[in-house]
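Chain and residue survey
Residues per chain, in single letters:
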Amino acid sequence: MHNTTIRVAVLGTGRAVSASILARNGVSVTLFESARGPGGRMSQRREVSDDGKELLFDHGAPFFTASNTEVLGLVQEWEARGLVAEWKENFGSFDCTSSKFIDIEQDQVSKRYVGVPGMNSICKALCREPGVEAKFGTSVGKLEWLQNEDLWMLTGLDGQNLGQFNGVVASDKNIVSPRFTSVTGRPPPLDLKLVPEMAEKLQDIPVHPCFALMLAFVEPLSSIPYKGFSIKNSEVLSWAHCDSSKPGRSATSERWILHSTEEYAQSIISQTGLQKPSDAILRRVSEELLQAFQSTGINTSQLFYKKAHRWGSAFPATSIAREEKCLWDKKKRLAICGDFCVSPNVEGAIISGMAAASKLKEIVLSCL
């Protein structure tokens with residue numbers, strides 16, 4: 001590595017924290033994202049109702065908390081920039097057996113944060129920072145290690161040469177997971193023989209699938225005493241929140257998000273596989289989740305929009321690098337990071353992304 005400009009490829013906007021840290025330390029970062037916009041599990045969905053109303057939904061992570069000192073420092077910076085705000089609403093729980101709401105606020109000690117005006121606001125801002133070039137709608141099909149050049153060469157799913165890089169930051173889902181093959185019909189971009197010490201830990205990390213249902217109502221659901229609540233003793237639903245109650249959101253309609261149980265999602269996936277679900281399947285899921293919501297006694301007569309989305313592998317079921325915070329191949333300068341390394345939440349993803357950036361930063365700064 002004798003180049004004056006150090007180039008690092010970051011795969012997926014879920015690693016935007018890594019991209020930002022590296023760029024602030026003089027690294028030229030190219031961020032590749034297969035989706036049209038940033039966010040991943042923190043993305044915001046834009047829908048249009050039959051009468052032309054624009055509807056925005058945070059259909060993934062409803063909020064995040066922070067207890068780690070370094071993460072709190074980042075959150076404070078984001079707050080000062082107007083990218084996040086505290087979601088100051090009361091939360092509860094609904095027990096389907098007793099058909100009663102239960103107050104759980106006495107158990108809550110951490111502040112709940114949301115992106116403003118959408119959960120994807122943080123990733124959007126980090127992707128636009130100086131030194132970061134974001135390429136949306138670009139799927140990486142192959143990572144090849146060039147031994148003689150001591151570089152990584154990336155090729156797109158369409159065969160396009162995406163360039164050569166001194167280092168790579170990625171997650172399991174976008175380069176090594178067997179789920180990549182289930183969805184695309186192609187082998188994962190990274191041959192694990194190149195990183196044998198990582199191979200065992202990365203082999204088929206278990207995940208919790210989930211369906212999300214986006215709902216829009218003409219009037220507020222006034223019979224619900226909370227703006228977010230977990231759902232107990234239901235085979236279908238695990239969570240519900242009022243998305244339009246978050247700071248910085250439009251109040252022209254009341255919008256709710258429902259999350260299914262893992263068991264319900266697994267039952268659907270066992271029938272359909274991991275390929276993109278058909279419209280017919282999503283309509284069926286919409287009806288079944290809505291019926292479960294209505295069975296709680298909530299009046300949904302003012303509903304004017306509903307649509308389901310499947311999260312096939314967004315929620316990891318294990319943590320594979322609690323101590324190290326990320327997986328790291330120093331010789332090839334490859335960092336694998338994500339919430340599956342530390343803890344299955346947004347804070348875990350941030351901690352892991354910071355660790356990955358730190359590993360690469362140490363190497364690249366010594367070469368500048």
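See the structure above.
Below: a short report on this structure. Predicted, not measured: the structure shown is a model, and the values here were computed from it.

Conventions adopted
- Residues numbered from 1 in each chain as written.
- Predicted model: local features only at pLDDT ≥ 70, side-chain atom pairs only at ≥ 80, totals over all residues.
- Heavy atoms only, no water.
- Pairing = 2+ DSSP bridges.
- Helix = DSSP H or I, 4+ residues; strand = E, 2+ residues; numbered from the N terminus.
- Axes fitted to C-alpha atoms, helices over the stretch in contact; angles between N-to-C directions.
- Phe/Tyr/Trp six-rings, centres within 6.5 Å; stacked < 30°, edge-to-face > 60°.
- Lys NZ or Arg CZ within 6 Å of the ring centre and 35° of its normal.
- Parallel < 35°, antiparallel > 145°, perpendicular 65-115°, else oblique.
- Left-handed = near helix turned anticlockwise from the far one by under 90°.
- Contact = heavy atoms within 4.5 Å.
- Nonpolar A, V, L, I, M, F, W, Y, C, P; charged D, E, K, R; others polar.

**Some details on the sheet that holds strand β2 (residues 28-33)**
Taken together, six strands build an open sheet; the order of strands is β9-β2-β1-β13-β20-β19 and the sheet is mixed. Either end of the sheet is taken by a strand with one partner, and the two such strands are β9 (132-136) and β19 (327-329). Sheet twist, expressed as the average angle between the axes of neighbouring strands with direction ignored, equals 15°. With three bridges connecting them, strand β13 (residues 167-170) and strand β20 (residues 334-336) associate as parallel partners. Counterpart to V169 in the pairing with β20 is A335.

**So, the pairing of strand β7 (residues 100-103)**
Pairing between strand β6 (residues 91-95) and β7: four bridges, direction antiparallel. Across the sheet, D95 pairs through a bridge with K100, a residue of β7. Remark: four residues form the turn of the hairpin made by β6 and β7, two consecutive strands paired antiparallel; S99 in that turn has positive phi of roughly 55°.

**Description of the packing of aromatic side chains**
Enumeration over the complete set of coordinates arrives at 15 aromatic pairs. Measuring from centroid to centroid gives 6.0 Å for F91 and W239, while their planes differ by 20°, and the two rings are stacked. With F91 in strand β6 and W239 in strand β16 (residues 237-242), this pair connects stretches of sequence that are 148 residues apart. Positioned above the aromatic ring of F91 is the side chain of R112, whose terminal nitrogen or guanidinium carbon lies 3.8 Å from the ring centre.

**Some thoughts on the packing of helix α7 (residues 262-272) against helix α8 (residues 279-294)**
Contact geometry of α7 with α8 gives a least axis separation of 12 Å together with a crossing angle of 160°. Comparing their axes, α8 and α7 come out roughly antiparallel. Viewed along their axes, α7 and α8 form a crossing whose handedness is right-handed. Together, Y264, I268, Q271 and T272 of α7 and I281, R284, V285, E288 and L289 of α8 make up the contact between the two elements. Of the residues that constitute the contact of α7 with α8, the class distribution is five nonpolar, two polar and two charged.

**Considering unusual backbone geometry**
Backbone torsion omega between V116 and P117 reads 5°, so that peptide bond is classified as cis. For P117, the location among the structural elements is in the loop between β8 (113-115) and α3 (121-127). Although it is not a glycine, D150 sits at a positive phi angle of roughly 60°. Not every positive phi belongs to a glycine, and K325 is a case in point at roughly 75°.

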